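For reference, the chains in residue letters:
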Amino acid sequence: MADAPTPSNAPKIGFVSLGCPKALVDSERILTRLRDQGYQTAGDYEGADAVVVNTCGFLDSAREESLDAIGEALRKNGKVVVTGCMGAEADLIRERFPEVAAVTGAHAYEEVMAAVTAAVPPPPQDPFRDLVPAGGLKLTPKHYAYLKISEGCDHRCSFCIIPALRGDLASRPIADVLREAEALAERGVKELLVVSQDTSAYGLDVRYQPGEWRGREWKASIQGLAEGLGELGLWTRLHYVYPYPHVDHVIPLMAEGKILPYLDIPFQHASPKVLKAMKRPGNQEKTLERIRRWREIAPDLVIRSTFVVGFPGETEEDFQFLLDWLEEARLDRVGAFAYENVQGAAAQSLPDHVPDDVKEERRERFMAAAQRISRAKLHEKVGRTIQVLVDEVRSDGVAVARSRGDAPEIDGSVFVRPGGRLAVGEFAQVKVLRTDAYDLWAEPTDPALKRPSLNSLSRAPARPGMRRVISRV
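Source: prediction; values computed, not measured.

Q: Give a description of the overall build of the protein that names residues and reports values.
A: Looking only at helices and strands, the protein has twelve helices and 20 strands in total. Taking 473 residues into account, the globule formula puts the C-alpha radius of gyration at 23 Å, and the protein, at 23 Å, falls close to it. Overall, the protein is about 65 × 60 × 50 Å in size when its C-alpha atoms are taken along their principal axes. Counting over 473 residues, the protein shows a buried share of 56%. The long-range share in the protein, meaning contacts at least 24 apart out of those at least 6 apart in sequence, stands at 75%. By element, 50% of the accessible surface of the protein is carried by carbon and sulfur atoms, the whole surface being about 19,900 Å².

Written out as C-alpha cells, the structure reads:
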C-alpha cells in the first residue's frame, strides 16, 4: 500500500534515525503521528522546515555519531528537535548545542510532537482526509517490518546502560501487538521481525495478562505471542531472545512451520567468570545442552548471536574457554565486538581492563573461528532447494534475496542468477550452487524464471526520510 499523499503546501519535517531496530520503530511511530497531523517528510535538510534527530546512546562511539548528526542538522537546517536514547543526557546536548529546539527521551512521542508543533505549526486539518495508512508509516521496504513488543529492560548488565536510557520492562498488551501484526499482513508485509530489549521476558511485568484477538484469548508470553503470530502465515523472526527455559516451548512451533526456525540470542560470552562480571546468566553447560535439544526438535534452526571480547578481567584462559564453547555450539551467525568502556556503565569501575591491542587481536581470532564454522555450515546447503524472500533485483539481472536463516541488514544474502524475472517482496524457490563464509549463490528452480528478462531494472523501494543507522544490535 502506498503512503497517502499530503497537500503540497504542508510543512516538511526531515528525519534522521540512528541506532537499532527498536529505535527505528520509534522513528516510524513519530513519523506516523507527524503524517497524521498533516506534515510531509523531507528527503534533505534544505527542503525541511525542521529536522528530528532520533539518537543512539548505547555506546560512546554511537553517542559521538549522534552528536555529529545533531551538529550536521543544525548547520544545514538550523531548527532541530532531538529525541531518542541520548535524550537522557539533555544537559550534555544543550551544553554543546544550546540552539536545539527541544530534547526528549526515548519513545517520548507526545513530547516530540509538542516540540515539532511548537517549532513548525501543523497545517489546517481536513477531518475527511486520512493521511496515514493502516498500521502506520514504515521505514522498511514494504515486504518486511519490525514489530516492537515491549520497551525497556529489567536486566542490569554491567556493560549496558539501556535501562537508564529506556527504563524497565514495559510489555505492550498482546491484543495490540497481534492486531498491529495483522494490519501489517493486510498491507502486504511478508516478514515480521519481533524486537525488544528482552523478547523472552515479554509479559513478565504484566503477569502474562491475556488479551482477546480473533475471538480467543492469547497469553502475553513469548509462547503465546509466537502462537498468535503463527496464525498469520508470515515469516516471523524472533530477535533478542535470552535462553531461558521457557523458550523451549517456542521450538516446536518452529518445527511445525508456524514461525521461522531462527533465534537471535545475545550470549555475549561463555566463560562463567566473565558472565558473572557482566551480571548475565552463567551456566553455559546447560545452554549447550539446551541448544542440542532445540536442534533435535528443529534441525534447521539457525542461531545468531553477538559476543563481547576483552571485557575487564578477561584472561587468555577465559577467551580460550569462549573459543572452545563456540566450537561446540557451532552457531550459524556470529558477530563480535571489542569491549567499549561505555560512560555510565558499571563495568567502567571494574579492575584489570584489557589493553586495546589485545582486545582487537582476540576479536580477530574469534571472528576467524566464527567464519570457519559459518563457511562449513553454509557449504552443507549446496545442492539444496530453499525458499528465499527477494529484497532487490539489480540492473545486472541478479536478485538479492534472503533465506529463512537471514535477517535483513545483519545476516547474509542469497544472490540469485538469473534473477531478472523475480519480484521484490515475493518468495521464490532456488537451488544453492555455491557458498562462502556468509552468503549463498543460487539459481531459480522454476525454468520459466531462468529465461532472460526484458525488465531488469526493478529496484527495491526507496526508504522515506533521511534515515541512517549508526549502531549495532
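Q: Tell me about the packing of aromatic side chains, and please be specific about residues and values.
A: Working definition: an aromatic ring pair is given by the centre-to-centre distance plus the angle between the planes. Enumeration over the complete set of coordinates arrives at eleven aromatic pairs. Relative to Phe366, the ring of Phe307 lies with its centre 5.2 Å away and its plane at 50°, an arrangement referred to as tilted. Taken as a pair, Phe307 in strand E14 (residues 302–309) and Phe366 in helix H12 (residues 356–379) lie far apart in primary sequence, 59 residues in all. Residue Phe307 is classed as buried on the basis of its relative accessible area, which comes to 0%.

Q: Tell me about the nonpolar core, and please be specific about residues and values.
A: Judged by nonpolar contacts, the single largest core of 57 residues is most densely connected at Leu263, Leu331 and Phe366. The residues contacting Phe366, other than those within four sequence positions of it, are Phe307, Val309, Phe319, Leu322, Leu323, Leu326, Val334 and Ala336. The next biggest cluster of nonpolar side chains, apart from the first, holds 31 residues, and it includes Val52, Leu260, Tyr262 and Ala407.

Q: Would you mind going over the sheet that holds strand E1 (residues 12–17) in detail, with residue names and values included?
A: The parallel open sheet is built from five strands, whose spatial order is E2-E1-E3-E4-E5. The open sheet has two edge strands with one neighbour each: strand E2 (40–42) and strand E5 (102–103). Note that strand E4 (residues 80–84) and E5 share two bridges and pair parallel. Looking at E5, one finds that Val82 is bridged to Val103.

Q: How would you sum up the pairing of E4? Please name residues and give values.
A: Taken across its five residues, E4 has five buried, putting it largely inside the fold. Note that strand E3 (residues 50–55) and E4 share five bridges and pair parallel. Bridged to Val53 within E4 is Val82. Between the parallel elements E3 and E4, the chain passes through helix H2 (residues 60–76) in a crossover that is right-handed.

Q: So, the sheet that holds strand E19 (residues 427–435): which residues are in play, and what are the values?
A: Pairing is mixed around the closed barrel formed by five strands, whose spatial order is E16-E17-E18-E20-E19. In this sheet, adjacent strand axes meet at a mean angle of 50° when their direction is disregarded. By the bridge criterion, five bridges tie strand E16 (residues 385–393) to strand E17 (residues 399–403) in an arrangement that is antiparallel. Across the sheet, residue Leu389 finds its bridge partner in E17, namely Arg402.

Q: Can you lay out the pairing of strand E20 (residues 440–444) for me, pointing to particular residues and giving the numbers?
A: In E20, alternate side chains face the same way, and those of Leu440, Ala442 and Pro444 are buried while those of Trp441 and Glu443 on the opposite face are not. Of the pairings in the sheet, the one linking strand E18 (residues 414–416) to E20 comprises three bridges and is parallel in character. What sits directly across from Val414, in E20, is Leu440. Where E19 lies against E20, five bridges are found, and the strand directions are antiparallel. For Val430, the partnering residue across the bridge sits in E20 and is Pro444. Linking two consecutive strands that pair antiparallel, namely E19 and E20, is a turn of four residues.

Q: Go over the environment of Ala10, please, and point to the residues and values.
A: Position of Ala10 among the secondary structure elements: in the segment before E1. Owing to a relative accessible area of 5%, Ala10 belongs among the buried residues under this scheme. Ala10 has contacts with Gly38, Gln40 and Pro123, leaving out every residue within four places of it along the chain.

Q: How would you summarise the pattern of salt bridges if you had to cite specific residues and measurements?
A: By the definition in use, this model includes 38 salt bridges. With a closest N to O distance of 2.7 Å, Glu89 and Arg63 form a salt bridge. Of the two residues, Glu89 is situated in the loop between E4 and helix H3 (90–96) and Arg63 in helix H2; the sequence distance between them amounts to 26 residues. Both residues of the pair, Glu89 and Arg63, belong to the buried class.

Q: I'd like a rundown of the side chain of Gln197, residues and numbers included.
A: Among the secondary structure elements, Gln197 is positioned in the loop between strand E9 (191–195) and strand E10 (211–213). Classification of Gln197 as buried rests on a relative accessible area of 16%. Setting aside chain neighbours within four positions, we find Gln197 in contact with Lys22, Gly152, Cys153, Ile162, Arg166, Tyr240 and Tyr242.

Q: Describe the confidence of the model for the protein, and please don't skip the residues or the numbers.
A: A residue-level look at the protein finds 91% of positions with pLDDT of 70 or above and a mean pLDDT of 90. Here residues 1–5 is a poorly scored stretch, pLDDT under 50, and it has 16 contacts once near neighbours within four places are set aside; other chains count. Low pLDDT, under 50, characterises residues 456–473; the predicted model gives this stretch 66 contacts beyond four residues in sequence or across chains.

Q: So what's going on with H12? Which residues, and what values?
A: Look at H12: 34 Å from first C-alpha to last across 24 residues, which is about the 34 Å you get at 1.5 Å a residue. All of the buried residues along H12 are Lys359, Arg362, Phe366, Met367, Ala369, Ala370, Ile373, Ser374, Lys377 and Leu378.

Cut-offs applied
- Residues numbered from 1 in each chain as written.
- Predicted model: local features only at pLDDT ≥ 70, side-chain atom pairs only at ≥ 80, totals over all residues.
- Heavy atoms only, no water.
- Helix = DSSP H or I, 4+ residues; strand = E, 2+ residues; numbered from the N terminus.
- Rg over C-alpha atoms; globule rule 2.2 N^0.38 Å.
- Buried < 20%, exposed > 50% of the residue type's maximum accessible area, 1.4 Å probe, protein only.
- Contact = heavy atoms within 4.5 Å.
- Areas by Shrake-Rupley, 256 points an atom, 1.4 Å probe, with all protein chains shown as cover.
- Phe/Tyr/Trp six-rings, centres within 6.5 Å; stacked < 30°, edge-to-face > 60°.
- Core = buried A, V, L, I, M, F, W, Y, C linked by side-chain atoms within 4.5 Å.
- Pairing = 2+ DSSP bridges.
- Right-handed = clockwise from strand over helix to strand, strands pointing away.
- Axes fitted to C-alpha atoms, helices over the stretch in contact; angles between N-to-C directions.
- Salt bridge = Lys/Arg side-chain N within 4 Å of Asp/Glu carboxyl O.
- pLDDT = per-residue confidence, 0-100.
- Expected span 1.5 Å × (residues − 1).

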